[in-house]
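Listed below are the residues making up each chain.
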Amino acid sequence: MDDVEAPVFYDDDGDFMGHEYLQDAEYEFEYEDVERETLLELYQYCLGPTVYDTFSYILPLFITTVLFRLCARSQHVSHKTFHILSMLIGIYNIHYYVAECLYTLLILCIISYITLYIPKTYCKSLGIFLPSLFIIAYCEFSMPPIIWHKIRSVVMTMAMKTISIAIDKIDKNDLPSIYTYMGYTFCGVTCLFGPWMSFKDYISIRYISNQDKWWILYAIQYALISFLFLTISNCWTQWMIMDNSWKWLLAYRDALSFRMSHYFISYIASTLLLLGGFPFALSAIVKPFKIEFPRSLVHVVICWNIPMHFWLKTYIFRPNIKYLGKFGAVTMTYLTSALLHGLNFQLAAVLLSLGFYTFVEFQLRFMLANIFDACIASKQCTKNKCTHAYNTHNSWWVFLTNMMFSGLSIFHLAYLGLMFDTSELQETGYSYIHTIEKWSQLGFASHWVVFATYCIYFLIR
């Protein structure tokens, strides 16, 4: 089914460690006499401390990443020694930042490695996912919520690595050695902030003859951009949109703050990839502009986490579409994403809602594009290769239609993103009560709009 052109639908939570919001916003309260801080006060009490504390916090990670680069590029370090050093650097980083999950990750890697040697007759399909699902379930039910919420993204990245290598090697006899496997899963560059990287890309770093000569400038640029997003998330959004604003404006503010924190983590991960010696092509993790000004929700979920998009498309969506059909494959993709993020009602509700949203939007716009022979589908035509009779260059109504769907996507993002607000619950994870209350305060408006959209699609299909 490789000829299927339907995009993959998924989302990613953007978990991160050691990063807290500074203010709390609840929609049900009315604030009076709220005064905006001066720029000097904003710098003294938010911008300065945020940048300084965060840089101090991640500086050891930058240092170990450069050390990883030296090991990868040194001709005096054998392949076996490199993989061992990669594992040791990763274990050190995990012990330094999230020591609570070190032994859990070691158990996951050992069990997953053993399953590689189980005959495929006994360990195929669901059996490949069982070690990761077992570890995630163990963390969900045995760890304190604060700790699990802190380490969830680290466990998820490790689970994606073990699953991908198991699927890639299921019909092959060239199984990796234990030290190569551990070096990949505990890679010091990607073990904390990600992103997921294929086993092939990890191995190839030893054979890269020369990196782009401007890599250090790109790394500095990514680092500066990441801290810009951090200040927007922590300081600027709260400063620009105050607590006594309209409830939908507050919803957009909280959703924007959450997205900016995700961009911060993504660009830090890109910086680490370049510092670690990986090629520039692998450093593209997120596309903020296409998320903030989306053509469709489909573009949002693809650009939210590009490596995870590839992982879900390769290992979940395509294998399932021939058995479950398009809608079933979409549902399975989002369900897998929700399980990887943990057994959390809010995440599952947001991800599954987003899956239904994107499916309905894609089907409706695809049908309208065929009916009117216009370039209004969710996926934009390739530049200079549009075969539609009407497009944004020759028809004003095509431009307005695409703008309308873009505005609708921004509306849905504000509605879904407000779940991840700045309340104290963010340290422990959000309950189903929090989810229902937040959506009920906005009258479940987004869900009603999608239901109406589906009715339109159902009536004219």
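One can find the structure itself at the top, above this paragraph.
Because the structure is predicted, anything quoted here is derived from the model rather than measured.

Procedures and definitions
Residues numbered from 1 in each chain as written. Predicted model: local features only at pLDDT ≥ 70, side-chain atom pairs only at ≥ 80, totals over all residues. Heavy atoms only, no water. Axes fitted to C-alpha atoms, helices over the stretch in contact; angles between N-to-C directions. Helix = DSSP H or I, 4+ residues; strand = E, 2+ residues; numbered from the N terminus. Parallel < 35°, antiparallel > 145°, perpendicular 65-115°, else oblique. Contact = heavy atoms within 4.5 Å. Nonpolar A, V, L, I, M, F, W, Y, C, P; charged D, E, K, R; others polar. Disulfide = S-S within 2.5 Å. Buried < 20%, exposed > 50% of the residue type's maximum accessible area, 1.4 Å probe, protein only. Salt bridge = Lys/Arg side-chain N within 4 Å of Asp/Glu carboxyl O. Core = buried A, V, L, I, M, F, W, Y, C linked by side-chain atoms within 4.5 Å. Domains from an automatic or database assignment. Polar contact = N/O pair within 3.5 Å; in protein donor to acceptor, adjacent residues only side chain to side chain. Phe/Tyr/Trp six-rings, centres within 6.5 Å; stacked < 30°, edge-to-face > 60°. Lys NZ or Arg CZ within 6 Å of the ring centre and 35° of its normal.

Describe the packing of helix α13 (residues 345-372) against helix α14 (residues 396-417), with residues and values.
Relative orientation of the contacting elements α13 and α14 amounts to 175°, with a least axis distance of 12 Å. In terms of orientation, α13 lies roughly antiparallel with respect to α14. Contacts from V350, S353, L354, Y357, E361, R365, L368 and F372 of α13 reach α14 at W397, N402, F405, S409, H412, Y415 and L416. Considered class by class, the residues forming the contact of α13 with α14 number 9 nonpolar, 4 polar and 2 charged.

Which residues make up the state of the cysteines, and what are the values?
Counted according to the given criterion, the structure contains 1 disulfide. In this model C46 forms its disulfide with C235; the gap between the sulfur atoms is 1.9 Å. Its S-S torsion of about -90° marks the bond between C46 and C235 as left-handed, since a negative value means left-handed. With C46 in helix α1 (residues 39-73) and C235 in helix α8 (residues 215-240), this pair connects stretches of sequence that are 189 residues apart. The buried category is assigned to C46, whose relative accessible area is 6%.

Outline the pattern of salt bridges, supporting the account with residue identities and numerical values.
Enumeration according to the criterion identifies 4 salt bridges in this entry. A salt bridge links R253 to D254, with the nearest nitrogen and oxygen atoms 3.6 Å apart. Judged by its relative accessible area of 0%, R253 is buried. Residues E292 and R259 are paired through a salt bridge, measuring 2.7 Å at the closest nitrogen-oxygen approach. Here E292 is found in helix α10 (residues 288-292), whereas its partner R259 is found in helix α9 (residues 247-275), with 33 residues between them in sequence.

Can you lay out the environment of S296 for me, pointing to particular residues and giving the numbers?
With respect to the helices and strands, S296 occurs in the loop between α10 and α11 (297-304). By relative accessible area, which is 0% here, S296 ends up buried. The sequence separation of S296 and S378 amounts to 82 residues, and the corresponding C-alpha distance is 5.5 Å. For S296, the residues in contact, after removing those within four places along its chain, are E361, R365, S378 and S409.

Please set out the nonpolar core residue by residue, giving values where relevant.
In terms of nonpolar packing, the biggest core is built from 109 residues, with F68, I94, F186, L192, W311 and L340 touching the most fellow members. Per element, the largest residue contribution to this core is 15 residues, and it comes from α9. Split by domain, the residues of this core number at least three in each of domain 1 (39-284) and domain 2 (297-460). In contact with I94, not counting residues within four places along its chain, are A99, C101, L102, L105, F186, C191 and L192. The next biggest cluster of nonpolar side chains, apart from the first, holds 10 residues, and it includes L364, I376, A377 and V398.

Give me the lowdown on the side chain of T157, citing residues and values where you can.
Within the secondary structure, T157 sits in helix α5 (residues 145-168). The exposure class assigned to T157 is buried, which follows from its relative accessible area of 8%. For T157, the side chain forms a polar contact with the main-chain oxygen of S153, separated by 3.0 Å. Once you skip the residues sitting within four places of it in the chain, T157 turns out to touch T190, G194 and P195.

Describe the packing of aromatic side chains, listing the residues and the values that go with them.
Taken as a whole, this structure holds 34 aromatic pairs when the rule is applied. A centroid spacing of 5.1 Å and a plane angle of 65° characterise the contact between F229 and Y263, whose relative ring orientation is edge-to-face. A residue pair is termed long-range when its members are at least 10 positions apart, and F229 in helix α8 and Y263 in helix α9 qualify at 34 residues. Across the pair, Y263 and F229 agree in class, each one buried. Taken together, the ring pairs connect Y218, Y222, F229, F258, Y263, Y267, F280 and W304 into an aromatic cluster. Directly above the ring of W215 sits R69, whose terminal nitrogen or CZ lies 3.7 Å from the centroid. The ring of Y184 has K161 sitting right over it, with the charged end atom 5.6 Å from the ring centre.

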